[in-house]
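# Close look at the chain arrangement
For reference, the chains in residue letters:
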Amino acid sequence: MPIDLQAMCELGQQQLMRTEYLDAEATLQAAEEEAWRRRDWDTLSRLYMPLQEARRQRRQRCGEGIVALDLIAQGQADDIDGRRIVENFPHGQLLVAGWGTFAPAIEVRRLQREHKLYLETFLGAVYPIGAGRVVVIAPLPDVALPDLQPRSIDDLVRRLPAHCLVLNIDELPKGQLRGDTKTFAGVMAMWERLHAPFLAAADASVDPVQKIEGYRTTQRVDYGCELAHQKASDVARQLSREQRNRPKGS
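As a further point, take the overall build of the protein. In terms of regular secondary structure, the protein is built from nine helices and six strands. Computed over its C-alpha atoms, the radius of gyration of the protein comes to 20 Å, within 12% of the 18 Å expected for a compact globule of 250 residues. Relative to its 250 residues, the protein shows a buried fraction of 49%. For the protein, contacts bridging at least 24 residues in sequence account for 68% of all contacts bridging at least 6.

Of all residues except glycine, most have a negative phi; of all peptide bonds, most are trans. Unusually for a residue other than glycine, arginine 39 sits at a positive phi of about 55 degrees. Among the secondary structure elements, arginine 39 is positioned in the loop between helix H2 (21-38) and helix H3 (41-62). With relative accessibility at 35%, the residue arginine 39 sits in the partly exposed group. In this structure, histidine 163 takes a positive phi of about 70 degrees despite not being glycine. Secondary-structure assignment places histidine 163 in the loop between helix H6 (153-159) and strand S5 (165-168).

So, on to the sheet that holds strand S2 (residues 92-99). Strand order across the open sheet formed by six strands is S5-S4-S3-S2-S1-S6, with mixed pairing between neighbours. Edge strands, defined here as strands with exactly one partner in the open sheet, are S5 and strand S6 (176-178). Sheet twist, expressed as the mean angle between neighbouring strand axes with direction ignored, is 25 degrees. Inspection of the sheet shows strand S4 (residues 132-138) paired to S5 by four bridges, in the antiparallel sense. Looking at S5, one finds that valine 134 is bridged to asparagine 168. Helix H5 (residues 103-115) contacts S2 and strand S3 (119-129) of the sheet and is inclined by roughly 170 degrees relative to S3. Helix-sheet contacts for helix H7 (residues 181-204) involve strand S1 (66-72), S2, S3, S4, S5 and S6, and the interaxial angle to S3 is about 70 degrees.

Calculation notes
- Residues numbered from 1 in each chain as written.
- Predicted model: local features only at pLDDT ≥ 70, side-chain atom pairs only at ≥ 80, totals over all residues.
- Heavy atoms only, no water.
- Helix = DSSP H or I, 4+ residues; strand = E, 2+ residues; numbered from the N terminus.
- Rg over C-alpha atoms; globule rule 2.2 N^0.38 Å.
- Buried < 20%, exposed > 50% of the residue type's maximum accessible area, 1.4 Å probe, protein only.
- Contact = heavy atoms within 4.5 Å.
- Pairing = 2+ DSSP bridges.
- Axes fitted to C-alpha atoms, helices over the stretch in contact; angles between N-to-C directions.

In structure tokens:
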């Protein structure tokens, strides 16, 4: 049965007005994916802003929970359990990092979606560097990580996928904090560091379809990047206008 895009968009708007932000995001994201598949520029131009608002509210509510940016493996034998982390931190902003793997953070994200929680985590992996440790934060989950062979920080950075952040353990806030404006600003700064190169690459694209694809990738990196939604909407509106003005049969 064909998907009724306009009905989906209307449902997402209704959920947004009822403050059902996670449901609204899921509905509007599904509509966005279908509209993108159809190259339905008019629908895309109109749904990115409510999708942005649903995600803005989601980010805001995550920021009101517990902020814990040191949920990281202490060594190879330290098995970080994503399910246990979600049980202990069902609401908040986290940095979860396994020993050379993103698996615990990916599991936390899966459980967040499954249980509809106001919870978010960076994709972290811990690596030994000399006598210390660093945390690698990746923009996307589908990247290849280097092995855990001992190496220098410079060698590790060379082997990492593009646009990863590398933080010394000492740079991370310690313990659990109740979210406030200060913690929110700090977490937002980390998200901005992750999404900035993707947003810049999208801005630099000449082809409008590639620009939207770039903004969609930026949203995958950071669902809360408002500029990626606004700019995608603007370009889709431009494409819709050009499509309407195109002579029939051309």
